[in-house]
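# Examination of the molecular architecture
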Amino acid sequence: MGVHGVKAVFFDLDNTLVDTAAAGRRAIEEVLPLRVINALQSKHHYSEGEARLICDKVQAKLLKECHDPAKMCITDLRISHWEEAIQETTGGEANRDLAAECYFLWKTTRLQHLTLAEDTRGMLTELRKGVRLLLLTNGDKQTQREKIEACACQPYFDAIVVGGEQKEEKPAPSIFHYCCDLLGVQPAECVMVGDSLDTDIQGGLNAGLKATVWLNKAMTTPVDTSPVPHYIISSVLDLPAVLQKMEHKINAKLGTDHMASNNE
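A brief report on the enclosed structure follows. (Residues numbered from 1 in each chain as written. Predicted model: local features only at pLDDT ≥ 70, side-chain atom pairs only at ≥ 80, totals over all residues. Heavy atoms only, no water.)

### Section: the overall build of the chain
- Along its length, the chain carries nine helices and six strands.
- A principal-axis box enclosing the C-alpha atoms of the chain has dimensions of 85 × 35 × 35 Å.
- Taking all 264 residues of the chain together, 47% fall into the buried category.
- Nonlocal contacts in the chain, meaning residues at least 24 apart in sequence, comprise 64% of its contacts between residues at least 6 apart.
- Taking the 28 positively charged and 37 negatively charged side chains of the chain as two groups, their mean positions are separated by 2 Å. (Helix = DSSP H or I, 4+ residues; strand = E, 2+ residues; numbered from the N terminus. Buried < 20%, exposed > 50% of the residue type's maximum accessible area, 1.4 Å probe, protein only. Contact = heavy atoms within 4.5 Å. Lys, Arg positive; Asp, Glu negative; His and termini not counted. Charge placed at Lys NZ, Arg CZ, Asp CG, Glu CD.)

Below is the structure:
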């Protein structure tokens, strides 16, 4: 499958190709509490109610998390979430060792729930027959590389770029231009697909890409001040139809230009 003028498609990872948010929720809501509750009860004599409250507090901290890799590594930050949640719930002295034990249980469980769906794998395989594919993800380099390894998506891409390994992350134009250089293509030959208006869509626009495709699973209406994507889809599996639409538009324009040239 090829599209005139499109040589590469860039994909975001989290909540675009893999449902990271759902994996995190499942880890902390379904599986993790049982494991953590067992550890807290059997080793540290906390009640089930206290253990569940600690998990709830950590979930809230994760949702509000702001990570500056220059100040603290992601592992230390997330162990601190657990440490604070335990102390807020039970009082007394901080327990860093217990917090670390809980964090690594959560991390292991979340990675086990990260998968690249079979239909998504099939779509990527078909797309790659006509265009080059690149995975472009923001975030801490260790965390993102672990996710990439866990969902085994490397074979489906010509290149993988992690924002935490670069000087700038999305939406900076520099990281998009770096991606173009990796694949030997021009920005005007590339399409960006992602779920974030602020990083994926704004970044693609900033970099002068041919098109941006916003994955809006809830099909909510963006506010007036939001960057405006070229296309909106509710599932990443809708991308091939968007590329076909682009092909038809390009062919129609080429036909119009040809007729105009003949009439001159």
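Still more ground to cover, so stick around.
### Considering the sheet that holds strand β4 (residues 190–194)
- The sheet built from six strands is open, its strands ordered β3-β2-β1-β4-β5-β6 with parallel pairing. Among the strands making up the open sheet, the edge pair consists of β3 (159–162) and β6 (231–233). Taking the axes of each pair of neighbouring strands and ignoring which way they run, one obtains an average angle of 20° across the sheet.
- The pairing of strand β5 (residues 211–215) with β6 spans three bridges and is classified as parallel. (Pairing = 2+ DSSP bridges. Axes fitted to C-alpha atoms, helices over the stretch in contact; angles between N-to-C directions.)

### Things to note about the packing of helix α3 (residues 74–90) against helix α4 (residues 96–113)
- Between α3 and α4, the shortest axis-to-axis distance is 8 Å and the interhelical angle comes to 120°. Classified by the interaxial angle, the pair formed by α3 and α4 is oblique. The interaxial crossing formed by α3 with α4 has right-handed handedness. Seen from α3, the contacting residues are Thr 75, Asp 76, Arg 78, Ile 79, Ser 80, Trp 82, Glu 83 and Ile 86; seen from α4, they are Arg 96, Leu 98, Ala 99, Ala 100, Cys 102, Tyr 103, Phe 104, Trp 106 and Arg 110.
- Here the residues of the contact of α3 with α4 sort into 10 nonpolar, two polar and five charged. (Parallel < 35°, antiparallel > 145°, perpendicular 65-115°, else oblique. Left-handed = near helix turned anticlockwise from the far one by under 90°. Nonpolar A, V, L, I, M, F, W, Y, C, P; charged D, E, K, R; others polar.)

### Focus: empty space enclosed by the protein
- Using the criterion set out here, one finds one cavity of 30 Å³ or more in the structure.
- The computed volume of the largest cavity comes to approximately 50 Å³.
- Forming the boundary of the largest cavity are Ile 74, Arg 78, Tyr 103, Trp 106, Lys 107, Arg 110, Leu 111, Thr 143 and Glu 146.
- Looking at the lining of the largest cavity, the elements that each hand over two or more residues are α3, α4 and α6 (141–151).
- Top element by residues in the lining of the largest cavity is α4. It accounts for five residues.
- Each residue belonging to the lining of the largest cavity can be placed in one class, and the counts come to four nonpolar, one polar and four charged. (1 Å grid on protein atoms, 1.4 Å probe; cavity = no way out; pocket = protein on both sides within 12 Å on 5 of 7 lines; lining within 4 Å. Points joined across faces, edges and corners; volume = space filled by probe spheres on them.)

### Section: the side chain of Lys 107
- Looking at the secondary structure, you find Lys 107 in helix α4.
- Those residues in contact with Lys 107, other than ones at most four positions away along the chain, are Gln 142 and Glu 146.

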